[in-house]
Amino acid sequence: MLYRRMKKARLDLSILGFGCMRLPLTADGSIDEKQAAEMLRYAIDQGVNYIDTAYPYHKGESEPFLGRALQGGYREKVHLATKLPIWMVQSRADMDRYLNEQLKRLQTDHIDFYLVHGLMNPFWEKLLDLEITDFLDDALADGRIKYAGFSFHDELPLFKQIVDDYDWTFCQIQYNFMDEQYQAGTEGLRYAADQGLGIVIMEPLRGGMLTRDIPSINGIWRKAKVQRSPAEWALKWVWNHPEVTVVLSGMSSPEQVWQNVAYAEDGLSDSLSREDLDLFKEAEIEYRKRIKVPCTGCRYCMPCPSNVSIPECFEMYNQGCMFDSPDIAGINYNIALGGFFGGSPGLASQCEECGECEQKCPQGIQIRDKLKEVAAYFEK
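These lines cover the structure that appears in this document, whether it is placed above or below. Model, not experiment: these values are computed from the prediction. (Residues numbered from 1 in each chain as written. Predicted model: local features only at pLDDT ≥ 70, side-chain atom pairs only at ≥ 80, totals over all residues. Heavy atoms only, no water.)

### Examining the pairing of strand 1 (residues 3–6)
By the alternation rule, side chains of strand 1 split into R4 and M6, which are all buried, and Y3 and R5, of which none is buried. Alignment of strand 1 against strand 2 (residues 11–14), held across 4 bridges, turns out to be antiparallel. Counted as the bridge partner of M6 is L11 from strand 2. Between the end of strand 1 and the start of strand 2, which pair antiparallel, lie 4 residues, with R10 showing a positive phi angle near 55°. (Buried < 20%, exposed > 50% of the residue type's maximum accessible area, 1.4 Å probe, protein only. Helix = DSSP H or I, 4+ residues; strand = E, 2+ residues; numbered from the N terminus. Pairing = 2+ DSSP bridges.)

Quick look at the structure:
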């Protein structure tokens with residue numbers, strides 16, 4: 001296992017982190033605890049020392065599972081990360097209540113890496129008003145958490161603001177070779193690293209979408225001098241960035257754990273050749289040819305009188321088509337637009353066909369027809 005130093009924490013962390021959002025399931029949809037525990041302990045025995053979970057993962061069962069699975073000396077071998085469920089926070093007292101509950105669920109007296117979960121507008125301003133920075137200061141001072149960070153799901157200007165608003169140790173962002181300009185992106189990655197923050201990467205495989213068997217994409221990878229699986233190519237691209245500390249993988253089977261642990265043996269920064277990097281550009285172009293709606297995300301169509309999140313609907317639809325992944329994109333669609341985080345739903349099926357959006361669209365997209373496609377694709 002390779003390790004990288006997180007500067008502010010002064011710790012060496014495994015470049016592969018074990019994400020606990022996609023654990024194996026039993027027939028009734030609950031966590032297959034026997035198999036999941038075996039996978040987790042195998043990864044730890046192979047040197048993985050960063051374990052990531054969150055309050056809502058697996059319908060609230062991920063944290064309690066980890067509390068049980070890390071018994072027998074495994075808790076002491078790892079740095080444990082979990083997250084404050086900000087959409088459930090209505091007061092400063094709630095912050096303490098959830099953290100204390102998480103400590104009990106995880107059967108530990110401290111959280112090593114504690115994240116403010118899924119920051120986006122309007123949550124950050126609300127949390128500042130509720131004194132989130134004082135809460136973090138107090139939790140650090142009394143030892144309930146060792147290091148404070150945040151995970152992020154919004155645009156670059158807000159990311160930079162959040163980085164500047166507190167003395168964070170680390171941040172967690174989505175990043176892969178298809179998302180260099182998405183959310184924080186490469187510019188945000190470098191901005192945070194320049195401030196000394198450790199960088200934890202989520203969705204390096206876009207939830208598994210970058211591993212799908214697409215003949216035209218596979219043909220590109222076969223041009224390389226060294227043959228690798230699509231998953232290994234995608235992980236190696238992220239590890240190639242020296243700013244990255246840990247890359248999380250939400251592993252669902254023993255085979256995925258074995259493979260990713262093996263890939264991590266070769267996860268050096270600045271190790272890809274110019275020829276390799278050119279293949280990623282070629283693959284990106286090929287993926288983007290599969291886009292169904294030429295939406296640029298300009299948001300001129302918004303707001304929608306029916307509260308449809310039009311650009312986001314098209315983004316999720318394009319993701320499903322690009323990566324031949326209607327199942328994974330559908331999960332993202334329902335989480336992002338179905339009111340999961342407490343906001344108003346913005347589903348395509350809410351469209352009442354008033355046509356107001358089409359009058360504003362500079363791309364001339366037949367939005368009403370395309371929203372019907374989205375609804376048929378995701379809301380069967």
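There is more to say after this.
### Things to note about the packing of aromatic side chains
Applying the stated criterion across every chain, the model contains 23 aromatic pairs. Where Y50 meets F113, the ring centres are 5.4 Å apart and the plane angle is 50°; that geometry is what we call tilted. Of the two residues, Y50 sits in strand 4 (residues 50–52) while F113 sits in strand 6 (residues 111–119), which places them 63 residues apart along the sequence. By the burial criterion, Y50 is buried, and F113 matches it. Ring centres of F113 and F170 lie 5.1 Å apart, and the angle between their planes is 90°; on these two criteria the pair is classed as edge-to-face. Placement of F113 in strand 6 and of F170 in strand 8 (residues 170–174) is noted, with a sequence separation of 57 residues between them. Take F113: its relative accessible area is 0%, and that puts it in the buried class. When its relative accessible area of 0% is taken as the criterion, F170 is described as buried. An aromatic cluster is built from Y175, F177, W221, W233, W237, F280, Y287 and F323, whose rings are joined through pairwise contacts. The aromatic ring of Y74 is capped on one face by K77, whose charged end is 4.5 Å from the ring centroid. Sitting above the plane of the Y55 ring, R105 keeps its charged end 4.2 Å from the centroid. (Phe/Tyr/Trp six-rings, centres within 6.5 Å; stacked < 30°, edge-to-face > 60°. Lys NZ or Arg CZ within 6 Å of the ring centre and 35° of its normal.)

### Section: helix 16 (residues 367–378)
Its 12 residues place the ends of helix 16 16 Å apart at the C-alpha level, agreeing with the 16 Å of an ideal helix rising 1.5 Å per residue. When we look at burial in helix 16, the residues that qualify are I367, L371, V374, A375 and F378. End-on, the buried residues of helix 16 take up no more than an arc of 95°, which puts them together on one face. Looking at the packing, one finds that the buried side of helix 16 touches helix 13 (310–322), helix 14 (326–337) and helix 15 (356–360). (Expected span 1.5 Å × (residues − 1). Arc of directions from axis to C-beta. Contact = heavy atoms within 4.5 Å.)

### Looking at the pairing of strand 3 (residues 16–19)
Along strand 3, one buried face is formed by L16 and F18 and the opposite face, lined by G17 and G19, is buried too. Of the strand pairs in this sheet, strand 3 and strand 10 (residues 246–250) are connected by 4 bridges, and their pairing is parallel. From the neighbouring strand, G19 faces strand 10, where its bridge partner is G250. Pairing between strand 3 and strand 4: 2 bridges, direction parallel. Note on strand 4: the bridge partner recorded for G19 is D52.

### Regarding a negative patch on the surface
On the surface, E125, D129, D164 and D165 cluster together to form a negatively charged patch. Those elements that provide at least two residues to the negative patch are helix 5 (123–129) and helix 7 (156–165). Residue placement: D129 occurs in helix 5. Judged by its relative accessible area of 65%, D129 is exposed. (Patch = residues over 30% accessible without salt bridge, like charges linked within 9 Å, V, L, I, M, F, W, Y side chains within 5 Å. Areas by Shrake-Rupley, 256 points an atom, 1.4 Å probe, with all protein chains shown as cover. Salt bridge = Lys/Arg side-chain N within 4 Å of Asp/Glu carboxyl O. Lys, Arg positive; Asp, Glu negative; His and termini not counted. Charge placed at Lys NZ, Arg CZ, Asp CG, Glu CD.)

### Describing the packing of helix 1 (residues 33–45) against helix 3 (residues 62–69)
Relative to each other, helix 1 and helix 3 sit at 65°, their axes nearing to 10 Å. Helix-helix and strand crossings are classified by hand; for helix 1 and helix 3 the assignment is right-handed. The residues of helix 3 that touch helix 1, namely those facing E33, A36, A37, L40 and R41, are F65, L66, R68 and A69. A class-by-class count of the residues in the contact of helix 1 with helix 3 yields 6 nonpolar, no polar and 3 charged. (Axes fitted to C-alpha atoms, helices over the stretch in contact; angles between N-to-C directions. Left-handed = near helix turned anticlockwise from the far one by under 90°. Nonpolar A, V, L, I, M, F, W, Y, C, P; charged D, E, K, R; others polar.)

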